[in-house]
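Structural overview for review
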Amino acid sequence: MDLPKAYDPSAVEEKWYRVWRERGYFGADEKRPGRTFSMVIPPPNITGSLHMGHALNNTIQDVLCRYHRMLGDVTLWIPGTDHAGIATQNVVERQLAAEGTDRRALGREKFVERVWSWRKESGSTITRQLARLGVSCDWTRERFTMDEGLSRAVREVFVTLFEEGLVYRDRYLINWCPRCRTALSDLEVEHEEIDGKLYHLRYRFAEGAGEIVVATTRPETLLGDTAVAVHPDDERYRDAIGREVILPALGRRIPVIGDSGVSREFGTGAVKVTPAHDPNDFEMGRRHGLPMISVMDEEARMTSEAGPYAGLDRYECRARLVADLEAQGLVARIEPHRLSVGQCYRCRTVVEPFLSVQWFVRAKPLAEPAIAAVREGRTRFVPEHWEKVYFGWMENIRDWCISRQLWWGHQIPAWYCLECDRDHVRGDSAENLIVTEHARPIVSREDPTECPRCGAKRLVRDGDVLDTWFSSALWPFSTMGWPDRTETLARFYPTSVLVTGFDIIFFWVARMMMMGLHFMRDVPFRDVYVHALVRDEQGQKMSKSKGNVIDPLEVLDRFGTDALRFTLAALSAMGRDVKLSVDRVEGYRNFANKIWNAARFLLLNLEGTPLESGGPLPAPEEPLTLADRWVLHRLAICAAEVRGAIDGDRFNEAASALYRFLWSEYCDWYLELAKISLADPERQAATRRVLAGVMERFLRLLHPFMPFITEELWQALPGRSESPSIMIAPYPEPDERWLAENEAAARMESLIDVIRAIRNVRADLNLPHARELALLVYGESVDADGVRAHEAYVKRLAGVADIEYRSDGDRPRGAASERVGTLELVIPLGGILDDPAAEIRRNEKQLEKIVKELRGISQKLANEQFLERAPAEVIDKERAKEAEIAGRKHALERNLDRLRQL
RNA sequence: AGGCACGUAGCUCAGUGGGAGAGCGCUUCCUUGACACGGAAGAGGUCGGCGGUUCAAUCCCGCCCGUGCCUACCA
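Residues numbered from 1 in each chain as written. Chains lettered and ligands numbered in written order. Predicted model: local features only at pLDDT ≥ 70, side-chain atom pairs only at ≥ 80, totals over all residues. Heavy atoms only, no water.

1. Considerations on the overall build of chain A
Per the secondary structure count, chain A includes 29 helices and 31 strands. Taking 2.2 N^0.38 as the reference for a compact globule, 902 residues should give roughly 29 Å; the C-alpha atoms of chain A span a radius of gyration of 37 Å, well beyond that estimate. In terms of overall dimensions, chain A has a C-alpha envelope of 115 × 65 × 55 Å along the principal axes. Burial status across chain A gives 55% buried among its 902 residues. Of the roughly 39300 Å² that chain A leaves accessible, carbon and sulfur atoms contribute 47%. Across chain A, the 123 positively charged side chains and the 138 negatively charged ones have centroids separated by 1 Å. (Helix = DSSP H or I, 4+ residues; strand = E, 2+ residues; numbered from the N terminus. Rg over C-alpha atoms; globule rule 2.2 N^0.38 Å. Buried < 20%, exposed > 50% of the residue type's maximum accessible area, 1.4 Å probe, protein only. Areas by Shrake-Rupley, 256 points an atom, 1.4 Å probe, with all protein chains shown as cover. Lys, Arg positive; Asp, Glu negative; His and termini not counted. Charge placed at Lys NZ, Arg CZ, Asp CG, Glu CD.)

2. Regarding the side chain of D138
Considering the arrangement of structural elements, one finds D138 in the loop between α6 (125-132) and β4 (143-144). Within the structure, the side chain of D138 is placed 2.6 Å from the side chain of T140, a separation counted as a polar contact. With residues near it in sequence (within four places) discarded, D138 still touches F26, G27, A28, L76, W77 and P79. (Polar contact = N/O pair within 3.5 Å; in protein donor to acceptor, adjacent residues only side chain to side chain. Contact = heavy atoms within 4.5 Å.)

3. A look at the pattern of salt bridges
Tallied over the full model, the rule gives 66 salt bridges. With a closest N to O distance of 3.1 Å, R287 and D259 form a salt bridge. In this pair, R287 is assigned in helix α8 (residues 279-288) and D259 in the loop between β11 (253-258) and β12 (270-273), connecting sequence segments 28 residues apart. You can call R287 exposed: its relative accessible area is 52%. (Salt bridge = Lys/Arg side-chain N within 4 Å of Asp/Glu carboxyl O.)

4. Focus: the pairing of strand β30 (residues 815-820)
Extensive coverage of β30 is indicated by the burial of five of its six residues. If you look at the hairpin formed by β30 and strand β31 (residues 823-828), you'll find two residues sitting between the two strands, and G821 has a positive phi there, around 60°. (Pairing = 2+ DSSP bridges.)

5. Quick look at the pairing of strand β18 (residues 414-417)
Two faces belong to every sheet, and in a regular strand the side chains alternate between them. The side-chain alternation of β18 yields two buried faces, one formed by A414 and Y416 and the other by W415 and C417. By the bridge criterion, two bridges tie β18 to strand β21 (residues 442-443) in an arrangement that is antiparallel. Its bridge partner being in β21, W415 is matched across the sheet by I442. When β18 meets strand β22 (residues 459-461), the two strands line up antiparallel, connected through three bridges. Note on β22: the bridge partner recorded for W415 is R461.

6. Details of helix α17 (residues 561-571)
Side chains that are three or four residues apart share a direction in an α-helix, a result of its 3.6 residues per turn. The buried fraction of α17 amounts to eleven of the eleven residues, a majority that puts the element mostly inside the structure. Turning to α17, its buried residues number three or more, namely T561, D562, A563, L564, R565, F566, T567, L568, A569, A570 and L571.

7. Examining the sheet that holds strand β15 (residues 380-382)
The parallel open sheet is built from three strands, whose spatial order is β15-β25-β24. For this open sheet the edge positions go to β15 and β24 (495-501), each flanked by a neighbour on one side alone. Recorded for the sheet is a direction-independent mean angle of 20° between the axes of neighbouring strands. Examined bridge by bridge, β24 and strand β25 (residues 525-531) share six bridges and lie parallel to one another. Looking at the pairing, G501 lines up with H531 of β25. The strands that helix α15 (residues 505-520) touches are β15, β24 and β25; relative to β24, the one it contacts most, it runs at about 165°. (Axes fitted to C-alpha atoms, helices over the stretch in contact; angles between N-to-C directions.)

8. Comments concerning helix α27 (residues 836-862)
Taking 1.5 Å per residue, 27 residues should reach 39 Å; α27 reaches 38 Å between its end C-alpha atoms and fits that length. On its buried side, α27 packs onto α24 (742-764), β30, α28 (864-869) and α29 (872-901). (Expected span 1.5 Å × (residues − 1).)

9. Concerning the sheet that holds β21
Read across the sheet, three strands follow the order β21-β18-β22 without closing on themselves; strand pairing throughout is antiparallel. Strands with a single pairing partner mark the edges of an open sheet, and in this sheet they are β21 and β22.

10. A short note on the environment of P483
Topologically, P483 is positioned in the loop between α13 (475-478) and α14 (487-492). It is 7.4 Å that separates the C-alpha atoms of P483 and E156, two residues lying 327 residues apart in sequence.

11. Observations regarding the packing of aromatic side chains
The geometry of an aromatic ring pair is captured by the separation of the ring centres together with the interplanar angle, meaning the angle of the planes. Throughout the structure, instances matching the rule amount to 36 aromatic pairs. Plain terms: the ring middles of W176 and F354 are 4.7 Å apart, the flat faces sit at 45° to each other, and that makes the pair tilted. Residue W176 is found in strand β5 (residues 167-177), and its partner F354 is found in strand β14 (residues 352-361); the two are separated by 178 residues along the sequence. F354 shares its class with W176; the two are buried. (Phe/Tyr/Trp six-rings, centres within 6.5 Å; stacked < 30°, edge-to-face > 60°.)

This is the structure we're talking about:
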């Protein structure tokens, strides 16, 4: 078979992905006995397009998946997508806006239809892009958080939690996005520090003289103030408590109350209390039974409660109000102040605390088992320190607001009776419904046709939908067919590992833990592998606004899937951010090309010889060259390292072991040495076997990281094995016997040192390779025997024409000298060396280094405490080193003397 | 405010209680029959600073400086 000179990914990737998929290799056979390995994909949003975070996340998952499949585990990886409530609704709303209309004009039903058709057209973009990464997930099991089965699971969970009292409805101060016009959970609010102002405002006493100055960052909320609070023990305000002040602008009388939650140090020690617009004040309002006045509506415009300011936007109101107060002399002063504002995580609009009736999940009872499960090690975080983050959040968890005032999502299965609950319900459809917190919702698995209390047929359904993350929380079991008791669940739940980014530990991981434990009575995953963010090469978060985004699709086009995957694996040191640069990908593209050409060399040299590259590797008893033995030893080490690294989730170590073996060992040394034995008829056959057998093992070891090139080359190898695809071939085990061949390895390495030393001389003295050198080897030892036995290696790789051995005696006068182990290598330079000064300089430089090194070691060995307390082997090692360096020093000095006499 | 990471070669990053590493970049040489997406050789680092533990610290501990992130209702 003729391979092109360079690897061309585009000619290979699509072809093999189709073959794998068509042959069903991605599927898991539930009936097959044996160990299982299972994962569920973190479902990307249907609005999404592949970014580097996805690429990293899915590369790691696919490495694990392919590895376990090759280990023989029954391997299941379920893919799917998330309906992404707000994000998707926003996309379609933007489309409508472009058409000059909006969702209200369309109506709920038509709007939801419209979203479905959008999803049909565009929702699979992300899965097609994932496929380009080569992910081996079982597409026949692909799920969507809004599909029928998952919707059933969502409903079952909601109803059950309601029945258990873990879901409830209440009027509460929640986070509200005035642009999306929906409630948000605490997690969906992102805090950002900004430069704001602190306004000091005068509130005059209603009776008598005097005033209290309060400090606020949000003067417009003053319109909703129902008290002023001070610390009860604050001497300054002792007499104020119980009196009333006049609310500026509106003239309302409000009480001064004492509350120990007020800090005496901050500002003036007095605080305005606005229960309907501030979380602190809300709590204080509840404690003191204060009225709660909403002065802003759901679009953050001032309500009629705001008096003269009604109808103004919140910021406009602020400006007008402050101006008015200044005119009245009620502004004591305004100072700059850093404060953090909450923004909607989907649209960046500043979020407003908003008093409204919402649905909540009571989190504490669900969190406790989830905390215990991690404490007991039933679920393990990798790296471990994420446990702390998880505990920190879980232990201080607050109830989860799950209702969203959107149309795209799982509509809450709750109905209100317009008859027996008519005092609490206004409106007659989901769109115009206003229901107080006192209404009694009818929550049901089946859509009710009449009120279970009064039998009335006039029911109206709650218009809210559930937080997207509510359905994501069920993902590990809902995708496996729950609430039915399926074989899939029995076989694959809990999943083996969840691979995810730390940014969604709270959003997703924590909630899956809670729901999984509650409904499945078991953790959803054994391990959570938390990888970091992909950043740019300066460590900046990639973002469109910064313009530093590296588009994975472009990278795939330029360098191929395997190169990107290998790069991500190589850079993903556990728990560290991945700082990606295109140069790096290019480097690993070159690696792919190196493999390609090594295989090309191999195929050119097999010349149709019948050979089983997948057959057993030669055994140590067989007659083999030193190079053969060495490479087989190194292969075994590589296999052991790679397996250990993947088992320990150290993907970067696996990648570097593979890289080093193939490039620095197989190509740089073994291939070059094999060229010698291929020319020797007696050795040719064995060399071919080793050459091909090692390559075949290497391809299998590499396959989880670089699936495409490994399949393409593996298929090109002759007679490799029974398996029709490398994907389902067994993962190589380190061969114990070759692992133990340390002696051959040491001899080879000593030869490598000899060759390097000669090359070194050649390079330093600028002697072209064509210029053949003579070599004198001084010293009697196994090292000398090694050179004697492998002269061909040294001659070929170092360009030496002639080798002589001397036990000792005079060295030639003009020569270069190198000390390697116990040997002194002398290269006579008479007639070649134009300028002895160059060689003198070279030697002097080396000598300088050596002298320094020797001084350090001698000092150490002179230290009594070191000799007393250090372990014997360390001392022995230091002694050996001292002797070796002393030998080198001596040889160098002698050589320098000779050179200087020239 | 609290917490968690991180500071190692020009750049981006691995790593380890006893010999400082990789990729890219740089310098010199090589169009040698797998590969110039290549080969050979090399330069370059007080492993952020200061203390401590230890026979021995880049690694463990403390403090400081710098950077990044997360959490938090302090107006």
